[in-house]
Amino acid sequence: MSVKITGLNLQPILSEVLREYQMSLRGIHGVAHWARVLENGLYLAAETGADVAIVSLFAVLHDSQRVDDGYDPGHGQRAADFARKMRPKHIDISDDNFELLYEACAGHTHELTHENITVQTCWDADRLDLGRVGVTPHPSRLCTDFAKRAETIHWAFGRSALGVTPEWVKEEWEIDLQPQ
């Protein structure tokens, strides 16, 4: 796993996110979650054909503007607006792709599905990580056929329920989540 995916360097974006992030990096919506969402998204994208740059950006941005680990209904829209603020300096994707990223962030908590496979893949990548809060993702709440498969849900649930932090987070993202 690398911070640089399809020519997209996530490090400057992560730096901005971490500078403004108000929650615990070790929290249920923190760094380990973002990393699992990224891995989930790349795993799904290999089957769905989703744009991996958008999926990668979504992973690190979608919960970046949370102010509460519980009920925080505006966090998706705030994340989308944060992405728009960072776009000129850090997010070099086409206007059409940026709009997909924006929609993915803004709608990830309250919309069920989307017409675009990349947005669907983003939402599934996030929803497949519900095991971290003790919830098994239900196929009816997933968008893509690949995510709805029992083996995909089982794979993702196992990782999230155990709170797996991908090994590359410390080296690639330069974030140490070990207790101090």
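Residues numbered from 1 in each chain as written. Predicted model: local features only at pLDDT ≥ 70, side-chain atom pairs only at ≥ 80, totals over all residues. Heavy atoms only, no water.

Chemist: Would you mind showing me how to read unusual backbone geometry here?
Modeler: Negative phi characterises most residues that are not glycine, and trans characterises most peptide bonds. One non-glycine residue, glutamate 174, lies in positive phi territory at about 60°. Structurally, glutamate 174 is set in the segment after α9 (168-172). Here glutamate 174 falls in the exposed class, since its relative accessible area comes to 64%. (Helix = DSSP H or I, 4+ residues; strand = E, 2+ residues; numbered from the N terminus. Buried < 20%, exposed > 50% of the residue type's maximum accessible area, 1.4 Å probe, protein only.)

Chemist: So what exactly am I meant to see when it comes to the packing of helix α4 (residues 75-90) against helix α5 (residues 95-107) here?
Modeler: Working note: a packed helix pair is described by the angle between its axes plus the distance between those axes. Where α4 meets α5, the closest approach of the two axes is 7 Å, and the angle between their N-to-C directions is 150°. Here α4 is positioned roughly antiparallel relative to α5, judged by the angle of their axes. Judged by residue contacts, Gly76, Gln77, Ala79, Ala80, Asp81, Ala83, Arg84 and Arg87 of α4 engage Asp95, Phe98, Glu99, Leu101, Tyr102, Cys105 and Ala106 from α5. When its residues are assigned to classes, the contact of α4 with α5 shows eight nonpolar, two polar and five charged. (Axes fitted to C-alpha atoms, helices over the stretch in contact; angles between N-to-C directions. Parallel < 35°, antiparallel > 145°, perpendicular 65-115°, else oblique. Contact = heavy atoms within 4.5 Å. Nonpolar A, V, L, I, M, F, W, Y, C, P; charged D, E, K, R; others polar.)

Chemist: Help me out: how do you make sense of the side chain of histidine 62 in this one?
Modeler: Among the structural elements, histidine 62 can be located in the loop between α3 (52-61) and α4. Classification of histidine 62 by relative accessible area gives buried; the value is 0%. Reaching out from histidine 62, the side chain makes a polar contact with the side chain of aspartate 63 at a distance of 3.2 Å. The residues touching histidine 62, leaving out its near neighbours within four places in the chain, are His33, Trp34, Val37, His75, Gly76, Ala79, Cys105, His108 and Asp126. (Polar contact = N/O pair within 3.5 Å; in protein donor to acceptor, adjacent residues only side chain to side chain.)

Chemist: Looking at this structure, how should I read the packing of helix α1 (residues 11-20) against α3?
Modeler: In the contact formed by α1 and α3, the axes pass within 10 Å of each other and the chain directions differ by 20°. Comparing the axis directions of α1 and α3 gives the class roughly parallel. Here the hand of the crossing between α1 and α3 comes out right-handed. Taken together, the residues of α3 that come into contact with α1 (itself represented by Ile13, Leu14 and Val17) are Leu57, Val60 and Leu61. In the contact of α1 with α3, the residues fall into six nonpolar, no polar and no charged. (Left-handed = near helix turned anticlockwise from the far one by under 90°.)

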